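Residues per chain, in single letters:
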Amino acid sequence: QKVSVEVLDHLEHLALVDFRDSEGVERLQKAIEFADQLHEVNTDGVEPMDSVLEDRCLYLREDDVTEGNCTKELLENAREKVEEYFVAPPGNIPLPKMDEQETFLKGS
Amino acid sequence: AALKGGLRSQVSAALKEGRVTPTELCQRCLALIKSTKFLNAYITVAEETSLKQAEESEERYKRGQPLGILDGIPIAVKDNFNTAGIETTCASNMLKGYISPYNATVVQKLLDQGAVLLGKTNLDEFAMGSGSTDGVFGPVRNPWSYSRQYKEKSIPKSHSEGEELNWVITGGSSGGSAAAVSSFTCFAALGSDTGGSTRNPAAHCGVVGLKPTYGLISRHGLIPLVNSMDVPGILTRCVDDAAVLLGSLAGHDPKDSTTIQDDFKPFELPNLTDVSKLSIGIPKEYHAPGLSSEILALWSKAADLFKNAGAKVVEVSLPHTRYSIVCYHVLCTAEVASNMARFDGLEYGHRSDRTESTESMYAATRREGFNDVVRGRILSGNYFLLKQNYEKYFVKAQKVRRLIANDFVEVFRSGVDVLLTPTTLSDAAPYTEFIQEDNRTRSAQDDILTQAANMAGLPAINVPTALSERGLPVGLQFIGRSFQEKQLLTVAKWFEKQVQFPMIQLEEVKRHDSGVFQHQKSASFS
């Protein structure tokens with residue numbers, strides 16, 4: 001089945017990346033078809049595998065501060081900053097909904 | 001001529017005895033990089049710092065106190081490893097101009113041993129791809145395109161036209177590193193391997209490409225693609241050199257909690273003469289659709305080689321092989337969706353000019369900074385991670401991953417020491433042909449033989465084996481048991497000695513560059 005426009009819109013909001021054109025949507029469709037092959041495999045009773053190192057204990061170090069104090073270096077790569085702050089435009093303003101947008105999906 | 005030999009056996013000796021100095025080596029490599037610029041293997045050349053490192057190395061040799069075999073050795077690093085003070089771009093607009101404040105652990109280790117960092121090599125954008133054709137700095141050209149061996153076999157076209165149209169890809173995504181090693185501009189290079197990204201270009205460029213066991217070498221500072229599969233890769237001209245590099249890079253890193261804590265002891269490879277105790281497995285599923293008859297024959301010949309030398313050669317089965325690439329597709333895009341979320345323009349990298357809201361700034365930044373391949377994977381990944389799809393796709397893929405890993409466990413449990421498979425389906429394709437298909441299709445095709453080793457976290461190595469009918473390199477792959485790199489490399493070294501892969505004979509290249517002839521000197525050191 002084709003992916004609904006609602007889901008496409010939802011994906012664009014989640015990913016903060018747009019499909020740009022019909023080719024982008026096609027690409028997703030093909031990716032899903034490709035992934036559907038997974039359902040040919042019988043995985044009854046099989047546990048999902050998170051890591052190939054699952055049989056080992058994760059390394060935990062002592063909770064001591066061993067490095068840091070590199071504010072200056074870290075700020076150097078940011079374009080917009082004020083004193084020791086990264087500056088962002090106002091937040092909590094959701095991207096326009098599909099019918100308010102100019103993006104390609106509006107035409108679907 | 002000694003410089004074409006191994007690091008341990010020849011180059012190190014030459015440096016110690018003063019027959020060549022680190023600055024000479026560095027200068028020669030830098031000059032060669034300039035004259036092979038048309039390969040587009042390097043994104044950044046760190047001329048000043050490398051010469052300084054070479055001078056410091058020279059001082060140490062003068063005092064008779066070199067830090068080790070790697071002291072003074074010019075190396076190149078794939079541009080997805082952070083290098084302090086040197087631009088790290090991942091061949092993406094997103095990180096153009098990004099100067100890392102720190103060195104990746106593997107880079108730091110190399111520098112601590114006195115290695116000379118020549119520069120950062122080209123790749124597919126964010127290591128997504130199997131051709132090294134999709135980065136913003138353009139595609140990398142396979143040095144073998146300019147070899148006598150390839151030219152002799154090409155259908156003659158008009159001179160310059162032929163060269164321009166016929167050049168072949170390096171494979172990817174560590175194509176720049178492979179090309180750099182193959183064209184003698186460095187003695188070793190770092191790549192990364194998530195689905196075959198070190199072994200694939202190694203096969204196409206006729207060099208050794210080692211993918212170590214997941215957890216052996218630190219990923220700290222390697223810009224992540226798939227955290228559960230990424231490993232730093234090693235590209236060298238011979239198996240012994242790969243062992244040298246491995247020795248200096250492996251081991252627990254407190255900054256990477258996915259590195260194992262076991263003690264790692266660097267090793268020298270023995271010269272195996274008796275293979276009668278070896279059991280080589282030939283997985284029948286690796287006779288994949290699309291495998292060229294040439295490579296099939298070579299694979300068969302290699303199996304016979306082992307058999308005739310007394311080794312036990314058995315056909316084995318890895319039944320879930322054909323699902324490996326599908327499984328990878330889902331897990332990779334899912335992890336990518338997560339990993340690429342860090343690129344929002346706030347702390348580093350490209351930032352869009354949009355100011356209406358954080359969200360619109362993020363969206364525009366990512367739209368402007370990522371290419372289609374990256375954006376496509378992010379969107380697919382997010383799809384598979386949607387609540388309604390999570391069980392169906394992501395968890396399902398994780399279950400299939402376990403089945404794939406178990407296939408290998410079973411085979412190794414049955415007594416097989418090392419698996420022998422092809423690395424690629426064919427020799428390197430001409431660029432014009434390669435770009436006819438899109439990135440995802442290509443990756444799905446090309447990763448088929450290399451991908452499963454990443455799924456299971458196993459060590460694997462490409463050994464250049466022979467030249468194809470077109471005069472291009474073909475390699476074969478050995479896959480070993482977890483953390484048994486010594487055994488894997490010992491077998492690989494024996495095989496390397498048997499096949500005597502020919503050295504590339506780079507020809508003079510005449511290029512028309514805005515009407516001016518540029519003669520490129522032949523690349524052999526003597």
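Figured I'd write up the structure that's included with this text. (Residues numbered from 1 in each chain as written. Chains lettered and ligands numbered in written order. Predicted model: local features only at pLDDT ≥ 70, side-chain atom pairs only at ≥ 80, totals over all residues. Heavy atoms only, no water.)

### Overview of the overall build of chain A
Scanning chain A for helices and strands turns up three helices and two strands. Starting at the N terminus and ending at the C terminus, chain A contains elements arranged as α-α-α-β-β. Residue burial in chain A is summarised as follows: out of 108 residues, 31% are buried. If you take every contact in chain A between residues at least 6 apart in sequence, the share linking residues at least 24 apart comes to 50%. (Helix = DSSP H or I, 4+ residues; strand = E, 2+ residues; numbered from the N terminus. Buried < 20%, exposed > 50% of the residue type's maximum accessible area, 1.4 Å probe, protein only. Contact = heavy atoms within 4.5 Å.)

### Thoughts on the packing of helix 11 (residues 321-339) of chain B against helix 14 (residues 387-413) of chain B
Residue and element names in this part refer to chain B. In contact at an axis separation of 9 Å, helix 11 and helix 14 are set at 135 degrees when each is read in the N-to-C sense. In terms of orientation, helix 11 lies oblique with respect to helix 14. Handedness of the helix 11/helix 14 crossing: left-handed. Side by side, helix 11 and helix 14 meet where Thr321, Tyr323, Ser324, Cys327, Val330, Leu331 and Ala334 of the first sit next to Tyr393, Phe394, Ala397, Gln398, Val400, Arg401, Ile404 and Asp407 of the second. Class assignment of the residues belonging to the contact of helix 11 with helix 14 gives a composition of 10 nonpolar, three polar and two charged. (Axes fitted to C-alpha atoms, helices over the stretch in contact; angles between N-to-C directions. Parallel < 35°, antiparallel > 145°, perpendicular 65-115°, else oblique. Left-handed = near helix turned anticlockwise from the far one by under 90°. Nonpolar A, V, L, I, M, F, W, Y, C, P; charged D, E, K, R; others polar.)

### Brief notes about the nonpolar core
Phe126, Phe306, Tyr383, Phe408, Ile461 and Phe478 of chain B are the most contacted members of the largest nonpolar core, which has 167 residues in total. Among the nonpolar cores identified, the runner-up in size contains 17 residues, and Phe38, Trp144, Trp167 and Phe501 of chain B belong to it. (Core = buried A, V, L, I, M, F, W, Y, C linked by side-chain atoms within 4.5 Å.)

### Considerations on the sheet that holds strand 10 (residues 460-467) of chain B
Residue and element names in this part refer to chain B. Spatially, 11 strands are ordered 1-3-2-4-6-5-10-11-9-7-8 in an open sheet, and the strand pairing comes out mixed. Lying at the two open borders of the sheet, with one neighbouring strand each, are strand 1 (42-45) and strand 8 (312-316). The mean inter-strand angle of the sheet, taken between neighbouring strand axes irrespective of direction, is 30 degrees. Pairing between strand 2 (residues 74-78) and strand 3 (residues 116-121): five bridges, direction parallel. Among the inter-strand pairings, Ile75 is bridged to a residue of strand 3, identified as Leu117. (Pairing = 2+ DSSP bridges.)

### Some points on the interface of chain A and chain B
With 54 residues of chain A in contact, the opposing surface of chain B contributes 71 residues. The junction of chain A with chain B conceals about 5700 Å² of combined surface from both sides, 62% of it contributed by carbon and sulfur atoms. For chain A, the biggest contributors to the area lost against chain B are Leu38, Tyr59 and Asn77 of chain A; these three give 12% of the whole. On inspection of chain A and its partner chain B, the count reaches seven salt bridges. Note that Glu54 of chain A and Arg402 of chain B form a salt bridge whose closest N and O atoms lie 2.8 Å from each other. At the surface where chain A touches chain B, the tally comes to 26 residue pairs in polar contact (both at pLDDT 80 or more). Broken down by secondary-structure element, the contributors of at least two residues to the side of chain A that touches chain B are helix 1 (5-15), helix 2 (22-35) and helix 3 (71-76) of chain A. The dominant element in the side of chain A that touches chain B, judged by the number of residues it contributes, is helix 2 of chain A, at seven residues. Class assignment for the residues of the side of chain A that touches chain B results in 32 nonpolar, eight polar and 14 charged. (Buried area = accessible area lost by both parts, 1.4 Å probe. Salt bridge = Lys/Arg side-chain N within 4 Å of Asp/Glu carboxyl O. Polar contact = N/O pair within 3.5 Å; in protein donor to acceptor, adjacent residues only side chain to side chain.)

### A few points about the pairing of strand 5 (residues 208-211) of chain B
All names here are of chain B. Residues Val208 and Leu210 point to one face of strand 5 and Gly209 and Lys211 to the other, with burial holding for every one of them. As paired elements, strand 5 and strand 6 (residues 231-236) share three bridges and run antiparallel to each other. Residue pairing across strands places Val208 opposite Thr236, the latter belonging to strand 6. As judged from the three bridges shared by strand 5 and strand 10, these two strands associate in the antiparallel manner. When the sheet's bridge partners are listed, Gly209 is paired in strand 10 with Asn462.

### Observations concerning the packing of aromatic side chains
Residue and element names in this part refer to chain B. All told, the structure shown has 17 aromatic pairs over all chains when counted by the stated rule. Here Phe126 and Phe343 contribute two aromatic rings whose centre-to-centre distance is 5.0 Å and whose plane-to-plane angle is 50 degrees, an arrangement assigned as tilted. Taken together, the positions of Phe126 in the loop between strand 3 and helix 5 (148-153) and Phe343 in the loop between helix 11 and helix 12 (358-369) put the pair 217 residues apart, joining distant regions of the chain. Three or more aromatic residues link up through ring pairs in this structure, and these residues are Tyr98, Phe126, Phe343, Tyr348 and Phe370. (Phe/Tyr/Trp six-rings, centres within 6.5 Å; stacked < 30°, edge-to-face > 60°.)

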